[in-house]
Amino acid sequence: MSDSTCPNPCNVLLIGGGGREHALAWKLRQSSRLGKLWLSDTTNAGLAALGEPCPVKIDGRDAFRLTRWCETADIHLVVIGPEGPLAQGLTDVLQTKTRRVFGPSKAAAQIEADKAFAKQLMRQAAIPTAEARTFSDLESAMHYIENREDPCVVKAAGLAAGKGVIVCNTREEAIGAVNRMFVQREFGDAAGKVIIEEKLSGQEVSILALVDGRTISLLDTCQDHKQRDEGDTGPNTGGMGAYCPTPLVDAAMMNTIQRQIIVPTVDALRREGIEYRGVLYAGLMLTPAGPKVLEFNCRFGDPECQPLMARLQGDLIEILWATSTGKLADVDFDFDAQVAVCVVMCSGGYPGSYPKGKPITGIDDAESMDGVTVFHAGTTMANTNELVTNGGRVLGVTALADDLPTARDRANAACEQIHFDGAFYRKDIGGRVLVATSPPKHV
Ligand code: AMP
Ligand code: GLY
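Worth saying up front: this structure is predicted, and the values here are computed from it rather than measured. (Residues numbered from 1 in each chain as written. Chains lettered and ligands numbered in written order. Predicted model: local features only at pLDDT ≥ 70, side-chain atom pairs only at ≥ 80, totals over all residues. Heavy atoms only, no water.)

**Some thoughts on the environment of T246**
Filter applied, for reference: The helix and strand labels rest on DSSP assignments: H or I over at least four residues marks a helix, E over at least two residues marks a strand, and numbering proceeds from the N terminus. For the exposure calls, accessible area comes from a 1.4 Å probe over protein chains only, and a residue counts as buried if that area is under 20% of its type's maximum, exposed if over 50%, partly exposed in between.
You can see T246 is positioned in the loop between β15 (241-244) and α10 (251-271). Under the relative-accessibility criterion, T246 is labelled buried at 3%. On a C-alpha basis, the gap between T246 and L404 in space is 8.8 Å, while along the polypeptide they are 158 residues apart.

Here it is as structure tokens:
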């Protein structure tokens with residue numbers, strides 16, 4: 001077998017245990033090439049039902065046993081969902097000529113794992129992003145804040161489980177944020193370096209592209225609603241829901257994003273001697289001065305992955321294999337013409353502390369509805385074989401329909417079928433667009 005031929009059957013190890021990974025596993029199972037599907041994490045009950053538990057612990061810093069196990073289990077493709085193992089270099093360790101890993105190398109994952117690296121790369125390649133400075137000590141960060149007028153955003157440079165970004169409207173808030181990072185060390189080593197950047201305004205969109213080193217294939221556009229409450233208010237979360245595609249990005253805008261952001265980023269990495277293979281996720285703000293980068297991620301977004309997988313038409317194993325072998329140009333895939341809306345049902349208290357172990361009912365009723373798929377995130381099976389909550393983001397209730405309002409109504413109606421103590425969700429996923437694009441009222 002040459003290193004670019006996709007095996008059939010193909011044994012897959014999927015790493016990660018959230019809603020994103022349930023959606024990936026669901027799509028992998030639709031591939032006629034799938035041999036055995038192994039899972040690194042089978043806590044999530046929806047995911048666990050789709051594969052076998054991998055008996056070896058995943059640790060990017062000590063992957064010796066995992067490598068041996070991949071050999072004995074004849075794993076052909078490893079799919080890495082979360083950023084942690086990518087940043088630890090698991091791809092570099094597990095990849096061989098015949099065993100491919102979907103997900104970038106440790107060097108390439110720096111684009112997410114080190115925001116100072118990403119900023120430097122963008123600055124060198126003139127990629128539009130918020131104006132920013134990087135600091136390694138409290139004193140110079142404080143000096144900078146005291147001498148600037150505008151609202152700013154304070155970010156831990158390293159990985160902080162999506163929590164290391166503090167949007168500040170006043171100088172006092174910025175001082176507090178820098179203290180939390182450098183003095184209270186709330187984010188640990190992730191805030192060894194701190195970025196202070198200009199606060200941008202506009203709509204946020206998620207642009208994901210498959211990159212095989214050279215060929216770039218843009219996926220359909222998504223919008224993730226990060227704030228907890230309706231109308232995009234309240235505290236930031238991991239994501240309360242996402243939909244795809246978003247009419248906020250038309251073909252001309254997509255062209256600009258590709259030309260000004262995605263292509264120059266892949267090229268700039270290559271100039272650093274880094275070949276990017278995997279998904280490149282650009283979190284963008286659509287500002288009055290054009291799209292600007294808020295952050296890069298080196299993986300599929302969660303929950304963006306759920307509506308993307310719900311619409312993807314193609315063989316996911318072939319697509320991921322082609323991406324990791326530099327053959328993306330040879331593989332065909334498309335997206336369903338329907339719109340997908342994923343509404344995240346959460347545990348009461350999230351994103352603060354929340355209880356676990358609450359029984360969940362009604363998923364079958366929700367899934368019996370036309371176009372509805374329920375992806376699990378924070379769920380598990382209790383001893384009694386009862387499905388219970390096990391996280392802040394519990395389920396990603398995903399609906400397909402011909403247009404955005406219908407898909408949203410369908411996803412909300414499906415959520416109404418599902419019950420657990422303290423459950424809450426936003427009923428306005430896609431709402432900002434529904435408002436933004438509705439015709440002016442005539443009075
Ligand atoms: P990040 O993890 O860098 O995407 O930041 C998390 C969230 O903080 C983003 O989704 C934005 O809502 C917000 N954010 C980050 N950077 C900025 C910025 N420069 N201006 C305004 N909001 C920002
Ligand atoms: N949905 C945001 C993220 O995955 O980072």
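**Some points on the site of ligand 2**
The following threshold applies: The nearness test applies per residue and asks whether one of its heavy atoms lies within 4 Å of the molecule or strand. Think of a polar contact as two N or O atoms within 3.5 Å of one another; within protein, one of them needs to be a possible hydrogen donor and the other a possible acceptor, and neighboring residues in sequence only count if both atoms come from side chains.
Residues in close proximity to ligand 2 include D224, K226, G238, Y281, N297, R299, G301, D302, P303 and E304, which together make up its full environment. E304 has a polar side-chain atom sitting 2.7 Å from a nitrogen atom of ligand 2.

**Quick look at the pattern of salt bridges**
Our working definition: Salt bridge, as used here, is a side-chain nitrogen of Lys or Arg placed within 4 Å of a carboxyl oxygen of Asp or Glu.
In the structure shown here, the tally under the stated rule is 19 salt bridges. Between R299 and E112 there is a salt bridge, and its shortest N-O distance comes to 3.2 Å. Of the two residues, R299 sits in the loop between β17 (290-297) and α11 (305-311) while E112 sits in helix α6 (residues 106-113), which places them 187 residues apart along the sequence. Summarising the burial analysis for this pair, R299 and E112 share the class buried. Its salt-bridge partner being R228, residue D229 comes within 2.8 Å of it at the nearest N-O pair.

**What about unusual backbone geometry?**
Excluding glycine, residues mostly carry a negative phi; peptide bonds, for their part, are mostly trans. Following C244, the chain continues into P245 via a peptide bond in cis, with omega recorded as 0°. Inspection of the secondary structure assignment puts P245 in the loop between β15 and α10. Positive phi is not limited to glycine here, since D74 has a value of about 55°. Residue position: D74 is located in the loop between α3 (64-72) and β4 (77-80).

**Details of the pairing of strand β7 (residues 152-156)**
What counts is decided by this rule: Paired strands, in this sense, are two strands between which DSSP finds at least two bridges.
Burial of β7 is extensive: five of the five residues sit out of reach of the surface. Burial along β7 is two-sided: the residues C152, V154 and A156 and V153 and K155 are all buried. Alignment of β7 against strand β8 (residues 165-168), held across four bridges, turns out to be antiparallel. Opposite V153, over in β8, you have V167 as the bridge partner. The pairing of β7 with strand β9 (residues 194-198) spans five bridges and is classified as antiparallel. Counterpart to V153 in the pairing with β9 is E197.

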